[in-house]
Amino acid sequence: MFCYNVLVQKNGESNQCFGGRAEFMNKFYKVCIGIILVLVIIYLGSLVDFIFKPVLSLFNVLIIVPVLMAAFFYYLLRPLVDLLERHKLNRSLAILLIYAVIAVVITGFVWGVWPSLNTQVEALTQNAPNLFIALGKQLELLENNPFLSDLLPGDKSLFTQITEYLQQGFVFLSNYLTSLFSFFSNFALILFTFPIFLFYMLKEGSKFGQKIVSFLPKRFREEGTETMNDIDKAVSGFIIGRVLVNLALGVLMYVGFLIIGLPYALLLTIIAVIMNFIPFVGAILSSVPIVIIGLVESPSVAIWSLVVILVAQQIQDNLIGPYIFGKQLDIHPLMTIILVFAGGDLFGIIGIIVIIPVYMIIKIVVTRIYIRFFKEKWEEA
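Attention in this report is confined to the structure presented alongside it. Note that the structure is predicted; figures quoted are calculated from it, not measured. (Residues numbered from 1 in each chain as written. Predicted model: local features only at pLDDT ≥ 70, side-chain atom pairs only at ≥ 80, totals over all residues. Heavy atoms only, no water.)

1. As for the overall build of the chain
(1) Moving on: Scanning the chain from N- to C-terminus turns up 14 helices and zero strands.
(2) Moving on: Every one of the 381 residues in the chain was classed for burial, and the buried ones make up 28%.
(3) Moving on: Counting only contacts in the chain whose residues sit at least 6 apart along the sequence, the fraction spanning at least 24 positions is 71%.
(4) Moving on: A total of about 25,500 Å² of accessible surface is found on the chain, and carbon and sulfur atoms cover 72% of it. (Helix = DSSP H or I, 4+ residues; strand = E, 2+ residues; numbered from the N terminus. Buried < 20%, exposed > 50% of the residue type's maximum accessible area, 1.4 Å probe, protein only. Contact = heavy atoms within 4.5 Å. Areas by Shrake-Rupley, 256 points an atom, 1.4 Å probe, with all protein chains shown as cover.)

Structure follows, in structure tokens:
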């Protein structure tokens, strides 16, 4: 009787084990079939991509780009909206008041700064052929300099070498300018949808993280709330810090350009500030036209313009940047370069701009998951 009970118990355990394995294999097969179907759908969709490209382009213009712009200005304007709300002003009225102030600032820019900037743009456009002629003459003078002629290889002239480098740089830059010009060509549509997204983000943005956390199981909601707070602080600090750092860089460069007498100082400074939103690559690309304009003026102005750029960058990287960012931007420079090029290859100019915040978000989430589910088990093992 005892042997019979043991056999029945063993058979029950083996059947239970077999049933568990069968259930696991069924789930595995279902997941595999689901993945295969998704890949087949993606492949079939790639065969008729001409149907989806206009839809995706319109989706980017009407949704993706305005949402990204709204998110950027949301973190810039949210502290001001919160401040006005703490002073007993209705949040919607506070947002509308800020919109009115921005409209006044834009009007002041159009009346005060734009005429001077527009004059420099027109002058630079009209003088472009003469600038290249003057650049050629300056390069010929440098090539005939005995000191430089000994340093340069004899098979190629200085003019030929610099022309080749400029051509490579312009080809590299034109790929991103094409995306940038297509962005501004749809600016009317973006300008229509962007303020609407921004308004609702400023009004309801604080509830967005709570809604995401509400989808988590109850035992994870506290950690989910902490994770969302960490993401919010990181992205907010990065965006506000980047704007402050670039504005400080622009002031330093503009003052330096005025001191050395660099032509088109305001235009070149604005280009440098905008390009500096692209980490590492933007600083290099923005330096090329500055040095070229300086070289057209004289070799000494070119050298001093390069000195101004280097000094301003060093002050930004070693004094202003660490003070504003602190330790929150804990990204290795090599990782930043890899992320920038990867974002550019995958998503163009938009990918270059957003890749660093996306990386920060992913890093926070992965770190939280590792601490919650794996760290203690691996340390015990």
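2. A closer look at helix α12 (residues 281-297)
What sets the pattern is the α-helix's 3.6 residues per turn: residues three or four places apart point alike.
(1) Moving on: Counted at 1.5 Å a residue, the expected span for α12 with its 17 residues is 24 Å, and the 25 Å between its end C-alpha atoms agrees.
(2) Moving on: Of the residues making up α12, those classed as buried are V281, G282, A283, L285, S286, S287, I290, I293, G294, L295 and V296. (Expected span 1.5 Å × (residues − 1).)

3. Points about unusual backbone geometry
Peptide bonds are, in most cases, trans, and in most cases residues other than glycine have a negative phi.
(1) Moving on: Positive phi is not limited to glycine here, since K88 has a value of about 65°.
(2) Moving on: Looking at the element boundaries, K88 is found in the loop between α2 (49-86) and α3 (91-112).
(3) Moving on: By relative accessible area, which is 78% here, K88 ends up exposed.
(4) Moving on: Phi is positive for Y264, close to 55°, though the residue is something other than glycine.
(5) Moving on: As for its placement among the helices and strands, Y264 is situated in the loop between α10 (221-260) and α11 (265-275).

4. Some points on a nonpolar patch on the surface
(1) Moving on: A contiguous nonpolar patch, built from I102, I106, F109, V110, W111, V113 and W114 and spanning about 690 Å² of accessible area, is present on the exposed surface.
(2) Moving on: If one sorts the elements of the nonpolar patch by residue count, α3 sits on top with five residues. (Patch = residues over 30% accessible without salt bridge, like charges linked within 9 Å, V, L, I, M, F, W, Y side chains within 5 Å. Salt bridge = Lys/Arg side-chain N within 4 Å of Asp/Glu carboxyl O.)

5. Re the nonpolar core
(1) Moving on: V81, L198, L202, I356 and M360 are the most contacted members of the largest nonpolar core, which totals 25 residues.
(2) Moving on: The element best represented in this core is α2, accounting for seven residues.
(3) Moving on: Among the nonpolar cores identified, the runner-up in size contains 22 residues, and L249, L262, I290 and A302 belong to it. (Core = buried A, V, L, I, M, F, W, Y, C linked by side-chain atoms within 4.5 Å.)

6. A word on the packing of aromatic side chains
(1) Moving on: For the coordinates displayed, the defined rule picks out five aromatic pairs.
(2) Moving on: Considering the side-chain rings of Y74 and Y75, the 5.0 Å spacing of their centres and the 70° angle between planes classify their relative orientation as edge-to-face.
(3) Moving on: Among the residues examined, Y74 registers a relative accessible area of 7% and is labelled buried.
(4) Moving on: Relative accessible area serves as the criterion here: at 13%, Y75 is assigned to the buried category.
(5) Moving on: Note on F199 and Y200: the rings are 5.5 Å apart at their centroids and 90° apart in plane angle, and the pair reads as edge-to-face.
(6) Moving on: The structure contains a cluster of three or more aromatic residues connected by ring pairs, namely F72, F73, F194 and F277. (Phe/Tyr/Trp six-rings, centres within 6.5 Å; stacked < 30°, edge-to-face > 60°.)

7. Some thoughts on the packing of helix α4 (residues 114-126) against α11
(1) Moving on: Between α4 and α11, the least distance of the axes is 8 Å, while the angle of their chain directions is 95°. By the angle class used here, α4 and α11 are roughly perpendicular. Contacts from S116, L117, Q120, V121 and L124 in α4 reach A265, L266, L267 and I270 in α11.
(2) Moving on: Of the residues belonging to the contact of α4 with α11, the class tally is seven nonpolar, two polar and no charged. (Axes fitted to C-alpha atoms, helices over the stretch in contact; angles between N-to-C directions. Parallel < 35°, antiparallel > 145°, perpendicular 65-115°, else oblique. Nonpolar A, V, L, I, M, F, W, Y, C, P; charged D, E, K, R; others polar.)

8. Considering the pattern of salt bridges
(1) Moving on: Applying the stated rule across the entire model yields five salt bridges.
(2) Moving on: D82 is the partner of R91 in a salt bridge, and the nearest nitrogen-oxygen pair spans 3.0 Å.
(3) Moving on: Judged by relative accessible area, which is 14%, R91 ranks as buried.
(4) Moving on: Given a relative accessible area of 24%, D82 falls into the partly exposed group.
(5) Moving on: A salt bridge links E226 to R368, with the shortest nitrogen-to-oxygen separation between them at 3.1 Å. Residue E226 is located in helix α10, and its partner R368 is located in helix α14 (residues 333-380); the two are separated by 142 residues in the primary sequence.
(6) Moving on: For E226, a relative accessible area of 33% corresponds to the partly exposed category.

9. Focus: the side chain of R91
(1) Moving on: Locating R91 in the fold gives a position in helix α3.
(2) Moving on: Discounting residues that sit within four places of it in the chain, R91 has contacts with R78, V81, D82, E85, L202 and K203.

10. Some points on the packing of α11 against α12
(1) Moving on: The interhelical angle for the contact between α11 and α12, taken along N-to-C directions, is 165°, at an axis separation of 8 Å. Between α11 and α12, the crossing angle belongs to the class labelled roughly antiparallel. Handedness of the α11/α12 crossing: right-handed. On α12, the residues that touch L268, I271, A272 and M275 of α11 are G282, A283, L285, S286, P289, I290 and I293.
(2) Moving on: Here the residues of the contact of α11 with α12 sort into nine nonpolar, two polar and no charged. (Left-handed = near helix turned anticlockwise from the far one by under 90°.)

11. Observations concerning the side chain of Q316
(1) Moving on: The residue Q316 is located in helix α13 (residues 299-325) in this model.
(2) Moving on: Judged by relative accessible area, which is 5%, Q316 ranks as buried.

12. A look at the environment of L252
(1) Moving on: Of note, L252 is situated in helix α10.
(2) Moving on: By relative accessible area, L252 is classed as partly exposed at 33%.
(3) Moving on: Sequence separation between L252 and T269 is 17 residues; the distance between their C-alpha atoms is 9.4 Å.
(4) Moving on: Among residues more than four places away in sequence, those in contact with L252 are A312, I315 and I320.

The values are spatial; any link to function lies outside them.
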